[in-house]
Structures are given as structure tokens and as C-alpha cells.
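Fold and contact review
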Amino acid sequence: MARLAQTAGLTDIQEEILATVRTFVDKEIIPHAQTLEHGDTYPADIVEGMKEMGLFGLTIPEEYGGLGESLLTYALVVEQIARGWMSVSGVINTHFIVAHMLKQHGTPEQKQKYLPRMAAGEVRGSFSMSEPELGSDVAAIRTRAVRGDSGYAISGQKMWLTNGGTSNLTAVLVKTDEGAEKPHQNLTTFLVEKPEGYGEVLPGLTIPGKIDKMGYKGVDTTEMVFDGFEIAEDQILGGVSGQGFRHMMDGVEVGRVNVAARACGIAIRAFELAIEYSQQRRTFGKAIAEHQAIAFKLAEMATKVEAAHLMMVNAARLKDSGQRNDVEAGMAKLIASEYCAEVTQESFRIHGGYGYSKEYEIERLMREAPFLLIGEGTSEIQKTIISRGLLRDYQSRG
Ligand SMILES: Cc1cc2nc3c(=O)[nH]c(=O)nc-3n(C[C@H](O)[C@H](O)[C@H](O)COP(=O)(O)OP(=O)(O)OC[C@H]3O[C@@H](n4cnc5c(N)ncnc54)[C@H](O)[C@@H]3O)c2cc1C
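Residues numbered from 1 in each chain as written. Predicted model: local features only at pLDDT ≥ 70, side-chain atom pairs only at ≥ 80, totals over all residues. Heavy atoms only, no water.

Rules: UniProt positions are given in the numbering used here, feature names are shortened, and annotations may be inferred rather than shown by experiment.
The name recorded for the protein chain in an unreviewed UniProt entry is Acyl-CoA dehydrogenase, from Lentzea pudingi. In its Sequence similarities (unreviewed entry) section, UniProt records this for the protein chain: "Belongs to the acyl-CoA dehydrogenase family." Among the UniProt annotations of the protein chain, the heading Cofactor (unreviewed entry) holds the following wording: "FAD".

1. Remarks on the side chain of Arg367
Applied cut-off: Only DSSP runs of H or I covering at least 4 residues are called helices, and only runs of E covering at least 2 are called strands; the numbering of each starts at the N terminus. Exposed residues in this analysis have more than 50% of their type's maximum accessible area, buried residues have under 20%, and partly exposed residues fall in between, with area computed by a 1.4 Å probe over protein chains only. Side-chain atoms alone can form a polar contact between residues adjacent in sequence; in general such a contact is a pair of N or O atoms within 3.5 Å, and within protein one must be able to donate a hydrogen while the other accepts it. Residue contacts are defined here by distance: any two heavy atoms, one from each residue, within 4.5 Å place the two residues in contact.
Residue position: Arg367 is located in helix α9 (residues 361–372). For Arg367, a relative accessible area of 17% corresponds to the buried category. Of note is the side chain of Arg367, whose polar atom sits 3.0 Å from the backbone oxygen of Met214. A polar contact is formed between the side chain of Arg367 and the side chain of Glu363, at a distance of 2.8 Å. Dropping the residues within four chain positions of it, Arg367 is found in contact with Glu37, His38, Met214, Gly215 and Lys217.

2. Topic: the packing of aromatic side chains
Rule in force here: A pair of aromatic rings is counted whenever rings of Phe, Tyr or Trp (Trp by its six-membered ring) have centres within 6.5 Å, and the orientation is called stacked for planes under 30 degrees apart, edge-to-face for over 60 and tilted otherwise.
All chains considered together, the criterion is met by seven aromatic pairs. Ring geometry for Tyr354 and Tyr360: centres 5.5 Å apart, planes at 40°, overall tilted. Accessibility expressed as a relative area gives 39% for Tyr354, which makes it partly exposed. Overall, the relative accessible area of 27% leaves Tyr360 in the partly exposed class.

3. A short note on the packing of helix α3 (residues 71–84) against helix α7 (residues 292–320)
Heads up, the condition is: Lines fitted to C-alpha atoms define the axes, with helix axes restricted to the stretch in contact, and inter-axis angles between N-to-C directions lie between 0 and 180 degrees. Note that the term roughly parallel is reserved for angles under 35 degrees, roughly antiparallel for angles over 145, roughly perpendicular for angles of 65 to 115, and oblique for everything else. Gly is placed with the polar residues, together with every amino acid not listed as nonpolar (Ala, Val, Leu, Ile, Met, Phe, Trp, Tyr, Cys and Pro) or charged (Asp, Glu, Lys and Arg).
Between α3 and α7, the shortest axis-to-axis distance is 8 Å and the interhelical angle comes to 150°. In terms of orientation, α3 and α7 fall into the roughly antiparallel class. Counting all contacts with α3, which are made through Leu71, Leu72, Ala75, Leu76 and Glu79, the residues of α7 involved are His309, Met312, Val313, Ala316, Arg317, Lys319 and Asp320. Class assignment for the residues of the contact of α3 with α7 results in seven nonpolar, one polar and four charged.

4. Some points on the domain arrangement of the protein chain
What counts here: Per the annotation, domain bounds derive from an automatic or database assignment of domains. Once two parts are brought into contact, the accessible area they lose, counted with a 1.4 Å probe and summed over both, makes up the buried area.
On domain assignment, one finds that the protein chain holds domain 1 (12–124), domain 2 (126–242) and domain 3 (246–393). Here the C-alpha centroids of domain 2 and domain 3 sit 30 Å apart. Contacts between domain 2 and domain 3 engage 14 residues on the former and 11 residues on the latter. A buried area of about 980 Å², summed over both sides, lies between domain 2 and domain 3, and 72% of it is on carbon and sulfur atoms.

5. Observations concerning α3
Quick reminder of the rule: Here the expected length of a helix is defined as 1.5 Å per residue gap, with one fewer gap than residues.
For α3, which comprises 14 residues, the first-to-last C-alpha distance of 20 Å matches the rise-based estimate of 20 Å (1.5 Å per residue) to within 8%. Counting buried residues in α3 gives 14 out of 14 residues, a clear majority hidden from the surface.

6. Structural notes on the site of the ligand
Basically, it comes down to this: Being near a molecule or strand, for a residue, means having at least one of its heavy atoms within 4 Å of it. Methods summary: accessible areas were calculated by the Shrake-Rupley approach with a probe of 1.4 Å, and residue burial reflects only the protein chains presented.
Within the structure, the ligand sits among 17 residues, and Ser136, Trp160, Thr162, Thr378 and Glu380 are positioned closest to it. In the model, an oxygen atom of the ligand is placed 3.0 Å from a nitrogen or oxygen of the Gly135 main chain. Across the complex, the protein chains shield 63% of the 980 Å² of accessible surface that the ligand would expose by itself. Residue assignment for the shell around the ligand shows that the elements contributing at least two residues are β1 (125–128) and β3 (151–162). When residues in the shell around the ligand are grouped by element, the largest group, three residues, is from β3.

The following block contains the structure:
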């Protein structure tokens, strides 16, 4: 992008990584995205290319074989990838969240066991909080792990597991009986190792087939059914039960910056398509971009792209500096996903009837944008987080 969504103050290494990813997106993702998406085909070759570039280890510390890059670098990479095809960013997103949780909360043995293989892309992460009857209300989780003589047995059903069939390490949040008064203090994250694939992949663990979705195709989203699945105590993230809610929320917080980045990527692409099309398409003797109504749409779309990008970058930088960013990440996710839906809609309108044709990229973006209003917490949940944070910081002195 020539002018929009630029980021001041990047290091030479960050610039280099972004230039490499941008070229990869233009050459290897954009030309294939439509066909793969319409066929609901997993982008295996693209994933191999990302492995070769080291993207699976982008934020994993160098001592574990990763590139040790910041959340900001990751977010800017995700923005570029989503500009090409959101599903590809979905492949690395859950992996990145699990790597973050291990890096921040894993025991030394867990870090040693998983992070080097995660950096190489051999171990691929997914995370599971949602269940058929809950998504926003995480503390209401019902899937339960019961302690026995030689570990735990997990029973219950999980829902909406992105990369459920194509990952081999899932961080699963379940209920354990800690005897705590507050429900969220009775939750524990287990690191479930499993083979890739569908069906009963291990005794007591089934991954039914892919959920047929409106968009976000190519990447698999599944259920996960536990029926007395046995797991050792040392697979508890951080080694101590009852800490799972805190660990997952930390993961979701970086996930929110990442969803904001995805929304920015889609909005940038929707704008690019609109400004190109509006200079080609002619009505009433001139390019439609010369009608003020269309030109003003372009101006508003570009302003939204810019605002969302700046808030996303701000939230990432805050987290990188070690400061709490719950409010800023919530704001970035809220505005980027809402603006993405609006910019995509406007681009669709600018395409006229052709926007409704599957031959045009905007048709796909129109089906992808709504997911960002839901994933990693809906807009209503973001407003809850933001308002709680504000009331905490602006307490009345009256
Ligand atoms: C394609 C896809 C992939 C996903 N991938 C994953 C994944 O990898 N891992 C995972 O754990 N989950 C995943 N999810 C689940 C996702 O996080 C949830 O769908 C999301 O958190 C919303 O939960 P819900 O669907 O249960 O909606 P609900 O929580 O039932 O909410 C329904 C509606 O009520 C509103 N609402 C709920 N509570 C309140 C409140 N207190 N105040 C005001 N409004 C409220 C919501 O905003 C929403 O509009 C995925 C979902 C989709 C669609």
C-alpha cells in the first residue's frame, strides 16, 4: 500500500520481514485465494511457504529457535496476510496464541518440550474455550477434568475449535474442582497432544468433521468431544491447576490485537479493490470515482482504514512495552472489526452488480468480515471490557 496503513518507527529488521511477507502475499496468496476459498481447500502450499519463512516461530524466543519478534511485528505480518486471505492468518493465529501462553505461563519443561517444535511448525497449536452453550460467558464452562490416581479424565464437548483437525497441540480450558467460590478460579488449561485428523483420534477424544461456515473457508473449524479422555497432571499449563482462566485471557488479549490486525488487512484490500474499480468503471460519461458520492465514499473508507491501523499499532506497542493493554486492545478490536465491516460493505456497493459475482474478490471479503465482529469476543463484550477498564481508572471522587 503506497500511502495508507504505514507504521512509523519500525526497525530495519521489521521493515525487511514485512517486505518479504508483502511480496509473498502478492505472489503466493492473492492469485490463489479465490479458488482455494471457493473449494474450501486447506492452503497446504501456502502454509509450507510460511513455515520456510519462519512465520510459525515469529514471536517465539530465539533460545527456542524462533525469531523473537514483538507482538507489533506479528500484528503487521497478520495485517499483510489477511489482506491476501483471512483464512491463512487463521492458520497461524491459534498457533501464535498457544505459543504466547506457553512462553508466558509454561513450566521450563513445557517450554523446552514444545516451543522449539512450534517454532519449526512441526507442532501446530489451537485453543479451545467455547462450548455449544457458551462463548462469551467463559466462566460457565462445563467440560470437566476429574482427578484420578494417575492423572485426570476429561469429559465434555467443545465447540468452534479453529484448526481443530490440522493442529496437534490444543490448549483446552476445562473445569476442575478447586473448591474456589468464584467460577473462573475453578478453571484449568490442559495441553492436549493429539494427532491431526478427524474421528476418534485418541481413546476418549473425537474431532468430528469440519463445521460448514459462511466464510473463513479453507481453514478448519471443528468440535472436540472428550469422553473420559486421560491426561497426565504435567500437561496442565504452568503445572498448577485453577490458573487456566488467567492464562487464557492473557492469550485472548494478544489475540484481540491480532483480530484487529486481520480486520485492518481485509479493510485495506476492500479499499484497494474499490479505488481500482472506481477508476475503471464508467457511468454517465465518466469514471465513477469522479462522481462526488463515490469519491467521498473512498475518502471515508481510507480514513477508517487509517484510524483502525493506528489503534491496532498502539495496542500492540503498549503490550510490547509491558503495560496493561486490555482497554486499548478492546478498543482496537472493536473499531477495526466494525470499520472493516463498513469499508467492505462500501467497497461492495462501489462494485455494483459485479460485487455479487463470485468472480470478484469483494464477494469473499463480504463473507469474511462478519467473523471479525464475533471472534475473540463480540463487539458487546469489547464494550464491556472497555467500560470496566474506564470505570476502574476514572473512579468517581464524589
Ligand atoms: C468461525 C469461528 C471460529 C471460532 N474459533 C474459536 C476457537 O478457535 N476457539 C474458541 O474457543 N472459540 C472460537 N470461536 C467461538 C467464538 O469465540 C464465540 O462464538 C464468541 O466468543 C461468541 O460466543 P457465542 O457464539 O457463544 O455467542 P454468545 O455468547 O451466546 O452471544 C450471543 C449474543 O449475545 C451478546 N451477549 C452475550 N453476552 C452479553 C452481555 N453480557 N452483554 C451484552 N451482550 C451480550 C453477544 O455479543 C452476541 O451478540 C469461534 C467462532 C467462530 C464463528
